[in-house]
Amino acid sequence: MIGGVDTHKHTHYAAAVDDQGRLLGHKEFPATDHGYQALLDWLRTRGQVHTIGVESTGSFGAALARALTSAGENVVEVNRPNRLARRMDGKSDRLDAEQIARAVLGRTSTATPKAKSGIVEVIRTLRVTRSSAVKARTQAFNTLFGVMIGAPSPLREELVVLTKRTLVNRCLRLRPETDDLITLVDDSDRLLMAGVKTALRDLARRWKALDDEVKTLNNQLEALVRAAAPDLVELHGVGVEIAGQFLVTAGDNADRIRNEAAFAKLCGVAPQPASSGRTTGRHRLSRAGDRAANSALYIVTIVRMRHHPRHASTSSAAPTRA
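Since this is a predicted model, take the numbers as computed values, not measurements.

K.L.:
Which residues make up the environment of serine 56, and what values do they have?
P.N.:
Note on placement: serine 56 falls in the loop between strand 4 (51-55) and helix 2 (62-70). For serine 56 and lysine 208, which are 152 residues apart along the polypeptide, the C-alpha to C-alpha distance reads 37 Å. Sequence-distant contacts of serine 56, that is, excluding residues within four places in its chain, are made with Thr7, Gly61, Ala62, Val78 and Asn79.

K.L.:
An account of the pairing of strand 1 (residues 2-7) is needed here, citing residue identities and associated values.
P.N.:
Along a regular strand, successive side chains alternate from one face of the sheet to the other. Counting buried positions along strand 1 gives six out of six residues, so the element sits mostly inside the fold. Going residue by residue along strand 1, you find Ile2, Gly4 and Asp6 tucked away on one face and Gly3, Val5 and Thr7 tucked away on the opposite face as well. Turn length for the strand 1-strand 2 (residues 11-17) hairpin, with the two strands adjacent in sequence and antiparallel, is three residues. Inspection of the sheet shows strand 1 paired to strand 4 by four bridges, in the parallel sense. Among the inter-strand pairings, glycine 4 is bridged to a residue of strand 4, identified as glycine 53.

K.L.:
Can you tell me about the nonpolar core, naming the residues and giving the values?
P.N.:
Side chains that are nonpolar tend, in soluble globular proteins, to be buried together. Leu43, Ile52 and Leu68 are the most contacted members of the largest nonpolar core, which has 17 residues in total. For this core, the secondary structure elements donating two or more residues are strand 2, helix 1 (33-46), strand 4 and helix 2. By residue number, the principal contributor to this core is helix 1, which donates five residues. With near-sequence residues (within four places) excluded, isoleucine 52 lies in contact with Gly3, Val5, Leu40, Leu43, Leu68, Glu73, Asn74, Val75 and Val76.

K.L.:
If you had to explain the side chain of glutamate 73 to someone new, which residues and values would you point to?
P.N.:
Among the secondary structure elements, glutamate 73 is positioned in the loop between helix 2 and strand 5 (75-78). A polar side-chain atom of glutamate 73 sits 2.8 Å from a polar atom in the side chain of arginine 44. In this structure glutamate 73 touches Leu40, Arg44, Val49, Ile52 and Leu68, once residues within four positions along its chain are discounted.

K.L.:
Account for the side chain of threonine 198, naming residues and giving values.
P.N.:
Along the chain, the position of threonine 198 falls in helix 8 (residues 188-228). Threonine 198 has contacts with Pro176, Thr178 and Leu181, leaving out every residue within four places of it along the chain.

K.L.:
Break down the packing of aromatic side chains for me, citing the residues and quoting the values.
P.N.:
Per the stated rule, a full pass over the model turns up three aromatic pairs. Between phenylalanine 141 and phenylalanine 145, the aromatic rings sit 6.4 Å apart at their centres with planes inclined by 35 degrees, giving tilted as the arrangement. A residue pair is termed a helical-turn pair when its members lie 3 or 4 positions apart in one helix, as phenylalanine 141 and phenylalanine 145 do in helix 5 (residues 119-149) at four residues. Judged by its relative accessible area of 13%, phenylalanine 141 is buried.

K.L.:
Outline the sheet that holds strand 3 (residues 23-30), listing residues and values.
P.N.:
With respect to topology, five strands assemble into an open sheet ordered 3-2-1-4-5, the strand pairing being mixed. This sheet does not close on itself; its edge strands, each paired only once, are strand 3 and strand 5. Within the sheet, the average angular offset between the axes of one strand and its neighbour, ignoring direction, is 20 degrees. Strand direction decides the pairing type here: strand 4 and strand 5, joined by four bridges, are parallel. Residue pairing across strands places isoleucine 52 opposite valine 75, the latter belonging to strand 5. Docked against the sheet, helix 4 (residues 93-105) engages strand 1, strand 2, strand 3, strand 4 and strand 5, running at close to 135 degrees with respect to strand 1.

K.L.:
Please give an account of the packing of helix 5 against helix 10 (residues 240-250) that cites residues and values.
P.N.:
Where helix 5 meets helix 10, the closest approach of the two axes is 9 Å, and the angle between their N-to-C directions is 120 degrees. The orientation of helix 5 relative to helix 10 falls into the category oblique. Here helix 5 and helix 10 pass one another in a crossing that is left-handed. Contacts from Val120, Ile123, Arg124, Arg127 and Arg130 in helix 5 reach Glu241, Gly244, Gln245, Leu247 and Val248 in helix 10. Of the residues contributing to the contact of helix 5 with helix 10, the split by class is four nonpolar, two polar and four charged.

K.L.:
For the environment of proline 113, give the residues involved together with the corresponding values.
P.N.:
Mapping proline 113 onto the fold places it in the loop between helix 4 and helix 5. Taking the relative accessible area as the measure of exposure, proline 113 reaches 6% and is therefore buried. Among all residues touching proline 113, those that are not within four sequence positions of it are Thr57, Val75, Val76, Glu77, Asn253 and Arg256.

K.L.:
So what about the pattern of salt bridges? Which residues, and what values?
P.N.:
As enumerated under the stated definition, the model contains 17 salt bridges in all. The residue arginine 102 makes a salt bridge to glutamate 98 at a minimum N-O spacing of 3.0 Å. Pair noted here: arginine 102 and glutamate 98 are both in helix 4, with a separation of four residues, about one helical turn. The exposure class assigned to arginine 102 is partly exposed, which follows from its relative accessible area of 30%. With its nearest N and O atoms 3.2 Å apart, the salt bridge here joins arginine 226 to glutamate 222. Residue arginine 226 and its partner glutamate 222 are located together in helix 8, separated by four residues, close to a single helical turn. Taking relative accessible area as the criterion, arginine 226 reaches 37% and is therefore assigned partly exposed. Taken together, the shared-partner salt bridges in this structure form one network comprising Arg137, Arg165, Asp211 and Lys215.

Cut-off values and rules
Residues numbered from 1 in each chain as written. Predicted model: local features only at pLDDT ≥ 70, side-chain atom pairs only at ≥ 80, totals over all residues. Heavy atoms only, no water. Helix = DSSP H or I, 4+ residues; strand = E, 2+ residues; numbered from the N terminus. Contact = heavy atoms within 4.5 Å. Buried < 20%, exposed > 50% of the residue type's maximum accessible area, 1.4 Å probe, protein only. Pairing = 2+ DSSP bridges. Core = buried A, V, L, I, M, F, W, Y, C linked by side-chain atoms within 4.5 Å. Polar contact = N/O pair within 3.5 Å; in protein donor to acceptor, adjacent residues only side chain to side chain. Phe/Tyr/Trp six-rings, centres within 6.5 Å; stacked < 30°, edge-to-face > 60°. Axes fitted to C-alpha atoms, helices over the stretch in contact; angles between N-to-C directions. Parallel < 35°, antiparallel > 145°, perpendicular 65-115°, else oblique. Left-handed = near helix turned anticlockwise from the far one by under 90°. Nonpolar A, V, L, I, M, F, W, Y, C, P; charged D, E, K, R; others polar. Salt bridge = Lys/Arg side-chain N within 4 Å of Asp/Glu carboxyl O.

This is the structure in structure tokens:
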């Protein structure tokens, strides 16, 4: 018996089919630990469970996939719906769950999901948090710079010549005439100066808080990445950032990647056949795979071609990025 689960935020919908693709039943369950166990118990009453296909194992289905794997079940990741079946039969949770189960039965979906239960998952979570903090820090400084450019001339002339971090530190020391701006409403010049100083000071405080957060996350990530893959970090051209991306791409259960060719395809660097008719032997660059891992490999290649003794002497041209 094959199971299929269409995952959502609050509920999961399961369907079971036999080895001939005939529907054995379908039912909805809450997306909780109790619901995961009830879903598994229900599937087991339909017959001996061979494989369970789960949609979106990287988001809504992550906790379910962990629970099913811990219970000893074979879990397969299914992320692409059958579009032809959707056009012919429509869309509903029941139909989606059936199509997930049939995708597993037909072996059109065979990927083992990431475990998301160890040090690599912690690294991934911290990387996502740091990325958000970096974007917010950049936005805060861009806003600060825009406010400074439009500030009254005496203040603008003092600040515009400063470098980035010096500008932030100077804005941190700004002291508005008063924090109660309403008291200056009758004096437009004083009100403008006090308002601009208040905005610059608050934006500088925001940037400083985000900068401290990014530094803390960087230190935590470096320690975790070096603990998880010390040999990888020591490779020429592979720093903590690149190594962290490779770890996230592979996942905690890296054994799901069978060989180098599978990893190359996962990273979008395996050439794809592009032959048709009488034209044979053609290949093209892959546009699929993990684009962040593809970018990391590209950076490593550039560094090695420019600086590594074994590669710098053979070619100085940059490779084409997939």
